Amino acid sequence: FAAPGEYLEINERIENLKNQITDLEEGKRSLTKMIDDFDRVAAAKFKKTYQEVRSNFQEIYHLLSNGGEADIILTDKNDLLETGIDICVVPRGKKPRHLSLLSGGEKALTGISFLFAMLQSNPSPVYLLDEIEAFLDEANLIRFANFLRKLSASHQLILISHRYHTMEIADHLFGVTMDEPGVSKIVSVELSEYAPENKEQYIS
């Protein structure tokens, strides 16, 4: 006698479960579509940024290395969201070589070029650079200082450096001196008031 009631109760539970399954499947389809949309947008943005950074990298490295060549190569062009990136550089007068075989100065120049290539694709009004040119030789340092001087026309640069070529291009110079043992003193100099002609060689 209780069977009809139990049947109705179980049948109602089954219908509720079917409705829940339908909701879950619809939610799964919606999430899958959303993920696919996000992947397409992310891949498109990555491709656009990659092309910009690659172009900037080639241009900046060629400028800073005085004729060298550089490139960024995707390891899997068919899967932009999972691909790796290889950096290939050919210093002027040398054969292509792996980054691990480059000298310290060549590695620094490559890193600087890649850094500014990324920064130019998404520029900021202010850059803080902490001794990034420490390993550059004098010839590369002068070209890098020239590059920074031109960049300072549209961006504010805060540089931490011990290289005098870098200091020469600064408008304002701040340093720490010790007049008395154990007593530090901050000194500031307005370089543009004292030696503006020194900067002309970097602007041309």
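Residues numbered from 1 in each chain as written. Predicted model: local features only at pLDDT ≥ 70, side-chain atom pairs only at ≥ 80, totals over all residues. Heavy atoms only, no water.

*Asks:* Explain helix α1 (residues 3–64) here, please?
*Replies:* Helical geometry: 3.6 residues make up each α-helical turn, so side chains three or four residues apart lie on a common side. Counted at 1.5 Å a residue, the expected span for α1 with its 62 residues is 92 Å, and the 87 Å between its end C-alpha atoms agrees. The inward-facing, buried residues of α1 abut β1 (69–74), β2 (85–90), α2 (104–121) and α3 (138–151). Looking one or two residues beyond α1, the residue adopting positive phi is Asn66, at roughly 60°. (Helix = DSSP H or I, 4+ residues; strand = E, 2+ residues; numbered from the N terminus. Expected span 1.5 Å × (residues − 1). Contact = heavy atoms within 4.5 Å.)

*Asks:* Looking at this structure, I do not really get the pattern of salt bridges. What am I missing?
*Replies:* Between side chains of opposite charge, pairing is possible as soon as their charged atoms come close. Inspection of the entire model under this criterion finds seven salt bridges. Residues Asp37 and Arg40 are paired through a salt bridge, measuring 2.1 Å at the closest nitrogen-oxygen approach. Of this pair, Asp37 and Arg40 both sit in helix α1, three residues apart, which is roughly one turn of the helix. Overall, the relative accessible area of 53% leaves Arg40 in the exposed class. The shortest N-O distance in the salt bridge between Glu52 and Lys48 comes to 2.8 Å. Linking Glu52 with Lys48, this pair stays in helix α1, spanning four residues, or about one helical turn. Using a relative accessible area of 28% as the deciding quantity, one classes Glu52 as partly exposed. Judged by relative accessible area, Lys48 falls into the exposed class, the value being 52%. Via salt bridges that share partners, Lys33, Asp37 and Arg40 belong to a single interconnected network. (Salt bridge = Lys/Arg side-chain N within 4 Å of Asp/Glu carboxyl O. Buried < 20%, exposed > 50% of the residue type's maximum accessible area, 1.4 Å probe, protein only.)

*Asks:* Before we go on, may I ask you to explain unusual backbone geometry in this structure?
*Replies:* When glycine is set aside, most residues are seen to have a negative phi, and most peptide bonds are trans. Non-glycine residue Asn66 carries a positive phi angle of around 60°. Tracing the backbone through its elements, the reader meets Asn66 in the loop between α1 and β1. Of note, Glu131 is a non-glycine position whose phi angle comes to about 50°, a positive value. The exposure class assigned to Glu131 is partly exposed, which follows from its relative accessible area of 33%.

*Asks:* Which parts of the structure should I look at to understand the packing of aromatic side chains?
*Replies:* Geometrically, a pair of aromatic rings is defined through the distance of the ring centres and the angle of the planes. In total, this model carries six aromatic pairs according to the counting rule given. Each ring, one from Phe57 and one from Phe114, has its centre 5.7 Å from the other, and the planes form 90°; the classification is edge-to-face. Pair noted here: Phe57 is in helix α1 and Phe114 is in helix α2, with a separation of 57 residues, a long-range link. Classification of Phe57 as buried rests on a relative accessible area of 0%. Ring geometry for Phe116 against Phe147: centres 5.2 Å apart, planes inclined by 80°, an arrangement best described as edge-to-face. With a gap of 31 residues between them, Phe116 in helix α2 and Phe147 in helix α3 connect regions that are remote in the sequence. For Phe116, a relative accessible area of 1% gives the class buried. By relative accessible area, Phe147 is classed as buried at 9%. Through pairs of rings, three or more aromatic residues link up here, namely Phe116, Tyr127, Phe144 and Phe147. (Phe/Tyr/Trp six-rings, centres within 6.5 Å; stacked < 30°, edge-to-face > 60°.)

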